[in-house]
Number of protein chains: 4
Amino acid sequence: MPRSPLRSSTRRALPRPSRPFADARNWAQFHSPKNLTMALTGETGELSEIFQWMTEEQSITAAQTPETSQAVRDELADVLMYLVRLADVLGVDLDEAVQDKLKRNGEKYPVDKARNTSKKYDQL
Amino acid sequence: MPRSPLRSSTRRALPRPSRPFADARNWAQFHSPKNLTMALTGETGELSEIFQWMTEEQSITAAQTPETSQAVRDELADVLMYLVRLADVLGVDLDEAVQDKLKRNGEKYPVDKARNTSKKYDQL
Amino acid sequence: MPRSPLRSSTRRALPRPSRPFADARNWAQFHSPKNLTMALTGETGELSEIFQWMTEEQSITAAQTPETSQAVRDELADVLMYLVRLADVLGVDLDEAVQDKLKRNGEKYPVDKARNTSKKYDQL
Amino acid sequence: MPRSPLRSSTRRALPRPSRPFADARNWAQFHSPKNLTMALTGETGELSEIFQWMTEEQSITAAQTPETSQAVRDELADVLMYLVRLADVLGVDLDEAVQDKLKRNGEKYPVDKARNTSKKYDQL
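Residues numbered from 1 in each chain as written. Chains lettered and ligands numbered in written order. Predicted model: local features only at pLDDT ≥ 70, side-chain atom pairs only at ≥ 80, totals over all residues. Heavy atoms only, no water.

Caption draft 1: Fine view of the overall build of chain A. Helix and strand counts for chain A stand at seven helices and zero strands. Ordered by position from N to C terminus, the α and β elements of chain A give α-α-α-α-α-α-α. Per-residue burial for chain A yields a buried fraction of 53% across its 124 residues. Taking contacts inside chain A between residues at least 6 apart in sequence as the whole, the part at least 24 apart equals 63%. Summing over all exposed atoms, chain A offers an accessible surface of approximately 5,600 Å²; the carbon and sulfur share of this is 48%. (Helix = DSSP H or I, 4+ residues; strand = E, 2+ residues; numbered from the N terminus. Buried < 20%, exposed > 50% of the residue type's maximum accessible area, 1.4 Å probe, protein only. Contact = heavy atoms within 4.5 Å. Areas by Shrake-Rupley, 256 points an atom, 1.4 Å probe, with all protein chains shown as cover.)

Below, the structure written as structure tokens:
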């Protein structure tokens, strides 16, 4: 893992989109990590509802299918915005967190053992 | 919304971290959008478990509290990695999706009406 | 919908299992509806993790497959216990709520229109 | 745990409400455990959205508050119906599963150690 998985310029960029939006509306009062985690759950649930009756095959083209294309984009954006806001209020650097986790995942899932299997690391 | 909410350099950077990791393990076969959405749900659930018995007050310092600091970082990273991977297999540009959604949110939640309230846009 | 969908004897029976368990441990202090909803989310996430890499076909036999049989039962039980506890602290009669919802679902999804389709009611 | 936590008559009663509803619409084709778990996730997410900006205090009266009373009942019912349907297609007896889990929870959370704490069993 020689370089940052997210380009270094994203380090400070990621937390930005939701903060001025929330500040302008004085929403910090509602944005505790606990509450934001529930909001993130709500958006993940909406994403789930898009795919729930699709086959895996159908899900692959969901962002190109007129009926679901906009909804897919919207829910992905909502999840990302709440996630970035959550990291922001918690004071967590998402880029560092991803780098660190990817490194440990690499040790838990060595290529030769994890290849072609969806097993959890403790069952490899 | 004159500038991109995520710096322009993140546009192409965001989808990258999980792809080589998955490719090396030949995991594309498991990574349908439907499956990745369930994996995202699982990670969101783990994030939820960290905060479930905390007060809002306690949740604010969860990333600085020794008992929960690492778990918070790990779950945030897991959610982000599955989200980025999901956008990647769906062919969605997350930066564009966020820009577009923020713009429409700004119209749904005008500053003067949305200030100091957590009401949904259809009840403002 | 002439009769109760859950037998009438379950009306009072459903809320019971978790209450004495929680009372003996003085857990009411943690069991606000907000917190219990997060706990329910956590358990739903664990259920999701069991099925995330399975095909639909594989998921059908998950409760008969030795590797997943116990986990499936445990997570279903956990979801039900938190749900019943949540209804209990909220003062909601789950049987009445189901009866009422089923009745309205029957109107939203008339048999002739909803047959053989997974479309949402507003698209039928 | 000498008696069933759910009255014995609920054993067979629980799986019933959703089955005729689904059968009349020929929905078994969509109701794989994998899909139903995603549907359950969606409903849990909707429940989460009701409580996300409430304080714990406010959440306690949510089923008595005119603005949220119906939504709370509806989402609880939706979660229960998908859960019962899921157990039905998996062939799991929910009552047995709860009995079994409660018994093991009693061992993992002994009253004297678990009293007045929300710690997880492995930290007691």
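Caption draft 2: Region of interest: the relation of the copies chain B and chain A. Once chain B is rotated about the relating axis by 180 degrees and shifted along it by 0.0 Å, it coincides with chain A to within an RMSD of 0.0 Å. Viewed as a symmetry operation, the transformation between the two copies matches a two-fold axis. (Least-squares fit on C-alpha atoms with pLDDT ≥ 70 in both.)

Caption draft 3: Summary view of the nonpolar core. A:Leu76, B:Leu76, C:Leu76 and D:Leu76 are the most contacted members of the largest nonpolar core, which totals 133 residues. Among the elements that make up this core, the one with the highest residue count is helix α5 (residues 66–90) of chain D (12 residues). Not counting residues within four places of it along the chain, the set of residues in contact with D:Leu76 comprises C:Leu83, C:Leu86, C:Ala87, C:Leu90, C:Val92, C:Leu94 and D:Leu47. (Core = buried A, V, L, I, M, F, W, Y, C linked by side-chain atoms within 4.5 Å.)

Caption draft 4: Representation of empty space enclosed by the protein in the model. Within this structure, the stated rule accounts for one cavity of 30 Å³ or more. In this structure, the largest cavity encloses a volume near 80 Å³. A:Thr41, A:Thr44, A:Gly45, B:Thr41, B:Thr44, B:Gly45, C:Thr41, C:Thr44, C:Gly45, D:Thr41, D:Thr44 and D:Gly45 together form the lining of the largest cavity. Every element with two or more residues in the lining of the largest cavity is listed here: α3 (33–51) of chain A, α3 (33–51) of chain B, α3 (33–51) of chain C together with α3 (33–51) of chain D. Broken down by class, the residue content of the lining of the largest cavity amounts to no nonpolar, 12 polar and no charged. (1 Å grid on protein atoms, 1.4 Å probe; cavity = no way out; pocket = protein on both sides within 12 Å on 5 of 7 lines; lining within 4 Å. Points joined across faces, edges and corners; volume = space filled by probe spheres on them. Nonpolar A, V, L, I, M, F, W, Y, C, P; charged D, E, K, R; others polar.)

Caption draft 5: The relation of the copies chain A and chain D, seen in detail. The two copies are related by a screw motion: chain A maps onto chain D through a turn of 180 degrees and a shift of 0.0 Å along the axis, at an RMSD of 0.0 Å. The residues that chain A uses at the interface reappear at the interface of chain D in 100% of cases, marking a shared surface.

Caption draft 6: Expanded view of the interface of chain B and chain A. Listed per partner, the contact involves 72 residues of chain B and 72 residues of chain A. The tally of links between chain B and chain A comes to four salt bridges. Counting across the chain B and chain A interface gives 32 residue pairs in polar contact (both at pLDDT 80 or more). The dominant element in the side of chain B that touches chain A, judged by the number of residues it contributes, is helix α5 (residues 66–90) of chain B, at 15 residues. The residue makeup of the side of chain B that touches chain A, split by class, is 38 nonpolar, 21 polar and 13 charged. (Salt bridge = Lys/Arg side-chain N within 4 Å of Asp/Glu carboxyl O. Polar contact = N/O pair within 3.5 Å; in protein donor to acceptor, adjacent residues only side chain to side chain.)

Caption draft 7: Highlighting the confidence of the model for chain A. Summing up the model confidence of chain A, the mean pLDDT is 87 and the portion of residues at 70 or higher is 86%. No element of chain A has a lower mean pLDDT than helix α1 (residues 10–13) of chain A, at 39, and none a higher one than α3(A), at 98. (pLDDT = per-residue confidence, 0-100.)

Caption draft 8: Structural context of the interface of chain A and chain D. Between chain A and chain D, the residue contacts involve 18 residues of the former and 18 residues of the latter. The three residues of chain A that bury the most area against chain D are A:Met38, A:Gln52 and A:Trp53, which together make up 38% of that side's buried surface. The interface formed by chain A and chain D contains four residue pairs in polar contact (both at pLDDT 80 or more). Broken down by element, the side of chain A that touches chain D gets its largest block of residues, 12 residues, from α3(A). (Buried area = accessible area lost by both parts, 1.4 Å probe.)

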